[in-house]
Amino acid sequence: MFLGVSIIADRFMSSIEVITSQERQITIKKPNGEKITTTVRIWNETVSNLTLMALGSSAPEILLSVVEVCGHNFDAGELGPNTIVGSAAFNMFVIIGYCVSIIPKGETRKVKHLRVFFVTAAWSIFAYTWLYLILAVISPGIVEIWEALLTLFFFPLCVGLAYIADRRLLFYKYMYKRYRAGKQKRVIIETEGEPQLPSKVDIEMDGRMLNSNGEDFVDEAVGFDEKELDEEETRREMARILKELKQKHPEKEMEQLIELANYQVLTQQQKSRAFYRCQATRIMTGAGNVLKKHAADQAKRAVQHDFCSEVSENNFSSKIFFDPGTYQCLENCVSVALNVVRRGGDLTSTVSVDYRTEDGTANAGSDFQFTQGTVVFRPGETEKEIRIDIIDDDIFEEDEHFLVHLSNVKVVSKGVGSERHEANHAEALAGLGLPCTATVTIFDDDHAGIFTFEDPVVTVSESVGVMEVKVSRTSGARGVVAVPFKTTEGTAKGGGEDFEDTHGVLEFQNDEIIKTIQINIIDDEEYEKNKNFFLEMGEPQLLEMKEGGEEVLTKKEEEERRIAEMGRPMLGEHVKLEVIIEESYEFKNTVDKLIKKTNLALLIGTNSWREQFAEAITVNAGDDDDDEECGEEKLPSCFDYVMHFLTVFWKLLFALVPPTDYWNGWACFVVSISVIGLLTALIGDLASHFGCTIGLKDSVTAVVFVALGTSVPDTFASKVAAIQDQYADASIGNVTGSNAVNVFLGIGVAWSIAAIFHHTQGQKFKVDPGTLAFSVTLFTIFAFICVAVLMYRRRPEIGGELGGPRIPKILTTCLFFSLWLMYILFSSLEAYCHIKGF
């Protein structure tokens, strides 16, 4: 039964996580007029922890108390209230003591939101003190209506004061505060400390003006510089993680590295109490580690690169086009060959296409021969060649171009695969593809030429390895020309830091129009990089046509020398190239995938009944050890299979609960809490029968067995939170709040219903103060000791509430466990009248 409650509580906590993780977008206007859209949580974290989160973790105890009262003709019972006190004792002493001991050696965990912790700890102790007062002092043995209703009213009062402490309202209003965006999510949070914005800065957000003095700030206000710094810090951290994993595991594929990094990122992300509870329950019941499964799925998707492919609208259509679409030739090349290709469709058919030249800056008759004709692709042929004659002269001209068009595609004869098509559909069997127009550029070869880079600025990725820079020779290609070049530093440093220094001389042979310079770029895998250096060309020099000046030249060579010297080589428009080195796109894309906003509700929520049933019958590895291979999915262990078969009935049964995507989680919330109520009613009856069978009173059964059974999932949740979270709030901070909520809701609701019912009957609602009052008093005394020890552990010699040096860690754990054992022992002795109670 306790396993069943744990599984339906998992569904309940999943719905709470979905509900409390709802977000909305706000628009913020900066002083310079720039508008930024960002995301804020609808639910305040403290409020959600003390309301829905606490209700989720304490629902069995609360509902057990309510169901017991309603099922016993509205008379007080011992099982429900004693379960609440016993569960509080187990949470305060056993769970916190266990969390102190499991922190890795040399590490500590501190409570981050200390103000909220003080408020909830004080309310936790006050709740049980108040319970003692109404049982044994104010009206011994009788619970008045006002006492029960006031107990219930303390719940919203506790939430309100915790919210005030968290948001620093009222007396906190005049204390400095500032805001920033969280590292793992673009959700705005508040930080403590002196304000860093200038005193005169005003920010408009959703139409409201905000200033930096602190008193007019609202929860969604944000310090923009802090936000940008946080995001940059997060990117650097993700890049660092990837680089370290690549160095640590050079043998692993990128998919495995992404999987490891993704898991590491997810474990560092701040999580809610609901997430830890769901994670612990699923590990315990053989459903697997949520983070590992998500990391593996993300890694598989991350290595699937996006690509764009052209798909023919008609599978039987052939496309005719130029490949490539641009051509260059020298004026003395005699002719230029253009390549026409056929792709797709039925290659067994015969297809023809017409072509025709068109003047550009080059004119037919003086620069090239006008040409037109038809190209025929016979069955099986996929490439054809068109030749255009080029006219040479000795007149200096600028580089010129002309066009060649394809048109009028026809299917001359259909192939075997096309016989089923009708004749009037023949035009669909073939058509023009892109490019269907080719551009031919004619380079003049009568002068030595003008030398230039193609562009003034070029951007390269740091992962390119070797970049190639083209130097073009235009307006002539006659003679042998030497062009010196060298690299110079900008913000990028040479000498192998960002690039390798390069210098030399390019030697253009006669009629050569393109040369390439190679530069080595160093890849240091930075997330964001924008550094530059320069590549400069020196003055070009015309070299001898042949080595050895004494050799007699032929008449043709003498003529070429004369023409070349008339047009000396010169530098063109772009003689200094700026090279900008940017981060690797692939590396940045991988980092972006890792730091992309991840709503953890999506990890534990479900969107369909099919998904729920698939998860219910699937066994996954539940090993949550934080070792170096933690990002990889492992095979389920024997324990995982055993726990799966013990719980598969409950898993399949509760797979009928509506998925969390329905009504933003509220459908799952309502159904789950109803089912928890039914199960707790059965647990109450079974516990009473169990106590009668072995001869235990209900108060002892509640304190020892029922409280232990309902608190086991919280123990695993706190363990996971203590190890994975960098703060102690999720592991022990929520224990105090949950203990207070247990009394205010579990006792307040049940006793309010009973007190009102008895008042309508003209009777008093009687509660035996004996065992319960004694247990409450004992717990309150021990709780003071527990909180005092936790505060002492914040001293520098220990460093935090959890973890620390080995000896203090062991002593603290032993003390807390001893307190719980003494509580069990003294409560049991009092129940059997060996110790006098109240």
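Let me begin by describing the structure that accompanies this report. (Residues numbered from 1 in each chain as written. Predicted model: local features only at pLDDT ≥ 70, side-chain atom pairs only at ≥ 80, totals over all residues. Heavy atoms only, no water.)

## Looking at the sheet that holds strand β11 (residues 335-343)
The criterion, for reference: One bridge is not enough; two strands pair if DSSP finds at least two bridges between them. Helix and strand labels come from DSSP, where a helix needs a run of H or I of at least four residues and a strand needs a run of E of at least two; each type is numbered from the N terminus. Where helices are involved, their axes are fitted lines through C-alpha atoms of the stretch in contact, as for all axes, and angles between N-to-C directions lie from 0 to 180°.
The strand order across the open sheet formed by four strands is β14-β11-β9-β16, and the pairing between neighbours is mixed. Across the chains shown, the open sheet's two edge strands, defined by having one partner strand only, are β14 (383-389) and β16 (430-432). Pairwise comparison of adjacent strand axes, ignoring direction, gives a mean angle of 25° for this sheet. Note: β11 against β14, seven bridges, orientation antiparallel. Paired with Val 341 across the strands is Glu 383, a residue of β14.

## Observations concerning the sheet that holds strand β26 (residues 570-571)
Across the sheet, four strands lie side by side as β23-β20-β18-β26; this open sheet has mixed pairing. Pairing within the sheet leaves two strands with one partner each, and these edge strands are β23 (514-520) and β26. Across two bridges, strand β18 (residues 450-453) lies against β26 in parallel orientation. Looking across to β26, one finds that Phe 451 is bridged to Leu 571.

## Some points on a nonpolar patch on the surface
Basically, it comes down to this: Patches here: salt-bridge-free residues with over 30% relative accessible area, like charges joined within 9 Å, nonpolar side chains (Val, Leu, Ile, Met, Phe, Trp, Tyr) joined within 5 Å. Only the protein chains shown count as covering a residue, and every accessible area follows the Shrake-Rupley method with a 1.4 Å probe. By salt bridge we mean one thing: a side-chain nitrogen of Lys or Arg within 4 Å of a carboxyl oxygen of Asp or Glu. Three exposure classes are used, based on accessible area relative to the maximum for each residue type with a 1.4 Å probe and protein chains only: buried under 20%, partly exposed in between, and exposed over 50%.
Together, Trp 609, Phe 613, Ile 617, Phe 649, Leu 652, Leu 653, Leu 656, Tyr 662, Trp 663 and Trp 666 make up an exposed nonpolar region whose accessible area comes to about 1,000 Å². Elements supplying a minimum of two residues to the nonpolar patch: α13 (609-616) and α14 (638-654). At three residues, α14 tops the list of elements feeding residues into the nonpolar patch. Examined against the element boundaries, Ile 617 turns out to sit in the loop between α13 and α14. Looking at Ile 617, the relative accessible area reads 57%, which means it is exposed.

## Description of the environment of Val 700
Note the threshold: In what follows, residue pairs with any heavy atoms lying within 4.5 Å of each other are defined as contacts.
Of note, Val 700 is situated in helix α16 (residues 698-724). As for Val 700 and Asn 82, which are separated by 618 residues in sequence, their C-alpha atoms are 8.1 Å apart. Dropping the residues within four chain positions of it, Val 700 is found in contact with Phe 705, Ser 828, Ala 831 and Tyr 832.

## A closer look at the pairing of β11
Sheet faces and side chains relate simply in a regular strand, where the side chains alternate between the two faces. Pairing of strand β9 (residues 318-322) with β11, which is carried by four bridges, proceeds in the antiparallel orientation. If you follow Phe 321 over to β11, its bridge partner there is Val 341.

## A short note on the side chain of Thr 452
The condition is simple: For this analysis, a polar contact is any N or O atom pair within 3.5 Å, provided that within protein one partner can donate a hydrogen and the other can accept it, and provided that sequence-adjacent residues contribute only side-chain to side-chain pairs.
Within the secondary structure, Thr 452 sits in strand β18. Under the relative-accessibility criterion, Thr 452 is labelled buried at 12%. At 3.0 Å, the side chain of Thr 452 and the backbone nitrogen of His 574 are in polar contact. When near neighbours in sequence (up to four residues on either side) are disregarded, Thr 452 contacts Lys 470, Val 471, Ser 472, Met 537, Gly 572, Glu 573 and His 574.

## Overview of the nonpolar core
Stated precisely, the cut-off is as follows: Throughout, nonpolar core names a set of buried Ala, Val, Leu, Ile, Met, Phe, Trp, Tyr and Cys residues whose side chains join them through atoms within 4.5 Å.
One finds Phe 93, Ile 96, Tyr 128, Phe 744, Trp 751, Phe 779 and Tyr 823 to be the most contacted residues of the largest nonpolar core, which totals 101 residues. No other element matches helix α3 (residues 79-102), which puts 13 residues into this core. Aside from chain neighbours lying at most four places away, what touches Phe 779 is Val 85, Ala 88, Ala 89, Met 92, Phe 93, Tyr 128, Asn 739 and Tyr 823. The next biggest cluster of nonpolar side chains, apart from the first, holds 26 residues, and it includes Cys 329, Leu 406, Val 411 and Leu 429.

## Things to note about the state of the cysteines
What counts here: Criterion for a disulfide: a pair of cysteine sulfur atoms within 2.5 Å.
Summed over all chains, the structure comprises zero disulfides. A disulfide-free cysteine, Cys 329 has its sulfur positioned 3.7 Å from the sulfur of Cys 333, the nearest such atom. Overall, Cys 329 belongs to the buried group, its relative accessible area being 6%.

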